[in-house]
Amino acid sequence: HSHTDASDGRLSIEGLAEHAKQRGLKVLGITDHSVSQTIANGLDADRLRRHAEAVREANERIAGIELLAGTEVDILPDGSLDYGDEVLAELDLVVASPHAALRQDPQTATDRLLRAIAHPAVHILGHPTGRLIGKREGLSPDIEALVEAAAEHDVALELNANWRRLDLRDSHLRLAMARGCKIAIDTDAHKEADFDLLSYGILTARRAGVTKSACINCWTPRKLRSWLAKKTSA
């Protein structure tokens, strides 16, 4: 889960990849915002397709790291996604996240996120509450229902390591571990320094007892690719 200057990030595809390499990352998911995020220069379907082509071209050219062409697609208030199925099917990685309507009542929020989890193209549910620490409470969905659905549909739950979010929380992650969920730790990188936020996610995961086998960041690139492709073709 990272962003380039195609949406609201500060770095090019190449710049983001080079800084990720410097920090020892082997795989980088490039997931710029979808069209509804106008404030973040979200990509419409045509721009997304061109951007995905550019990511794949860069992947062929840049040695030492594997780049995944993806999206952080908005989960709309009714639980539908911001791109059509045919567009999402073309991508390597789909992170579905809520960004708007973050004052929904708990039941509406739960139903919204459950619909996204059940979507066959979704690999990762991004920052499920949408909170910003000290600024915005975000959604209060039924986390137990979300983790059960995520386990059923083989969707990973995101631990967003950005210090403004830390979403999911350690208490949520403990429940996820008890239900056998997969976890994805990421920095939501928009600039070079954001990669250094990974330690906050690791500390949170350790407090929650997240295991190496459950954390997709700990997998080999081959195993990760296999999981992404298997879910896409399911």
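Conventions used here
- Residues numbered from 1 in each chain as written.
- Predicted model: local features only at pLDDT ≥ 70, side-chain atom pairs only at ≥ 80, totals over all residues.
- Heavy atoms only, no water.
- Pairing = 2+ DSSP bridges.
- Helix = DSSP H or I, 4+ residues; strand = E, 2+ residues; numbered from the N terminus.
- Contact = heavy atoms within 4.5 Å.
- Axes fitted to C-alpha atoms, helices over the stretch in contact; angles between N-to-C directions.
- Polar contact = N/O pair within 3.5 Å; in protein donor to acceptor, adjacent residues only side chain to side chain.
- Buried < 20%, exposed > 50% of the residue type's maximum accessible area, 1.4 Å probe, protein only.
- Right-handed = clockwise from strand over helix to strand, strands pointing away.
- Lys, Arg positive; Asp, Glu negative; His and termini not counted.
- Salt bridge = Lys/Arg side-chain N within 4 Å of Asp/Glu carboxyl O.
- Parallel < 35°, antiparallel > 145°, perpendicular 65-115°, else oblique.
- Disulfide = S-S within 2.5 Å.
- Arc of directions from axis to C-beta.

Enquirer: I'd like to hear about the sheet that holds strand β1 (residues 27–33), residue by residue, with values.
Expert: Spatially, the six strands line up as an open sheet ordered β1-β2-β3-β4-β5-β6, and their pairing is parallel. Strands with a single pairing partner mark the edges of an open sheet, and in this sheet they are β1 and β6 (183–186). Relative to strand β4 (residues 124–125), strand β3 (residues 93–97) is paired through two bridges, and the arrangement is parallel. Residue pairing in the sheet places Ala96 in a bridge with Leu125 of β4. Across the sheet, helix α1 (residues 13–22) lies against β1 and β2 (66–74), angled at about 140 degrees from β1, the strand it touches most.

Enquirer: Let's hear about the environment of Gln37: which residues, and what values?
Expert: Mapped onto the fold, Gln37 is located in the loop between β1 and α2 (45–61). In this structure the C-alpha to C-alpha distance between Gln37 and Ala100, which are 63 residues apart in sequence, comes to 8.8 Å. Discounting residues that sit within four places of it in the chain, Gln37 has contacts with Gly42, Asp74, Asp82 and His99. Only 3.3 Å separates the side chain of Gln37 from the side chain of Asp74, close enough to count as a polar contact.

Enquirer: I'd like to hear about the pairing of β2, residue by residue, with values.
Expert: Extensive coverage of β2 is indicated by the burial of eight of its nine residues. As paired elements, β1 and β2 share seven bridges and run parallel to each other. Bridge pairing links Val27 to Glu66 in β2. Crossover β1 to β2 through α2 is right-handed. Here five bridges tie β2 to β3, and the two strands are oriented parallel to one another. When the bridges of β3 are listed, Gly70 appears paired with Leu93.

Enquirer: Please set out the side chain of Asp82 residue by residue, giving values where relevant.
Expert: Of note, Asp82 is situated in the loop between β2 and α3 (85–88). Of the side chains with opposite charge, Arg112 lies nearest to the buried Asp82, which makes no salt bridge, at 10.0 Å. Within the structure, the side chain of Asp82 is placed 2.7 Å from the side chain of Ser34, a separation counted as a polar contact. For Asp82, the side chain forms a polar contact with the main-chain nitrogen of Val35, separated by 3.2 Å.

Enquirer: For the packing of helix α4 (residues 106–117) against helix α5 (residues 143–153), give the residues involved together with the corresponding values.
Expert: A pair of packed helices is captured by two measures, namely the crossing angle of their axes and the spacing between those axes. With their axes 10 Å apart at the nearest point, α4 and α5 run at an angle of 10 degrees to one another. Of the possible angle classes, the one that applies to α4 and α5 is roughly parallel. Together, Thr110, Leu113, Leu114 and Ile117 of α4 and Ala145, Leu146, Ala149, Ala150 and His153 of α5 make up the contact between the two elements.

Enquirer: If you had to explain the state of the cysteines to someone new, which residues and values would you point to?
Expert: Note on terminology: disulfide describes a covalent bond linking the sulfur atoms of two cysteines. Throughout the structure, instances matching the rule amount to zero disulfides. Distance from the sulfur of Cys181, which forms no disulfide, to the nearest cysteine sulfur (Cys215) is 13 Å. Here Cys218 is not disulfide-linked; the sulfur of Cys215 is the nearest cysteine sulfur, at 4.1 Å. Cys218 sits in the partly exposed class, given a relative accessible area of 40%.

Enquirer: Talk me through the side chain of Thr129; I want residue IDs and the actual numbers.
Expert: Here Thr129 shows up in the loop between β4 and α5. Separated by 3.2 Å, the side chain of Thr129 and the backbone nitrogen of Arg131 make a polar contact. For Thr129, the residues in contact, after removing those within four places along its chain, are Leu102, Gly138, Leu139, Pro141, Asp167, Arg169 and His172.

Enquirer: Run through the environment of Arg179, naming residues and quoting values.
Expert: As for its placement among the helices and strands, Arg179 is situated in the loop between α6 (170–178) and β6. Look at Arg179 and you get partly exposed, because its relative accessible area is 31%. C-alpha separation for the pair Arg179 and Lys21, spaced 158 residues apart in sequence, amounts to 33 Å. In this structure Arg179 touches Glu144, Val147, Glu148 and Ala151, once residues within four positions along its chain are discounted.

Enquirer: Which residues make up α5, and what values do they have?
Expert: Residues of α5 that are buried: Ile143, Leu146, Val147, Ala149 and Ala150. Buried residues along α5 cover an arc of 165 degrees about the axis, so they all sit on one side. Residues of α5 that are buried make contact with α4, β5 (156–160) and α6.

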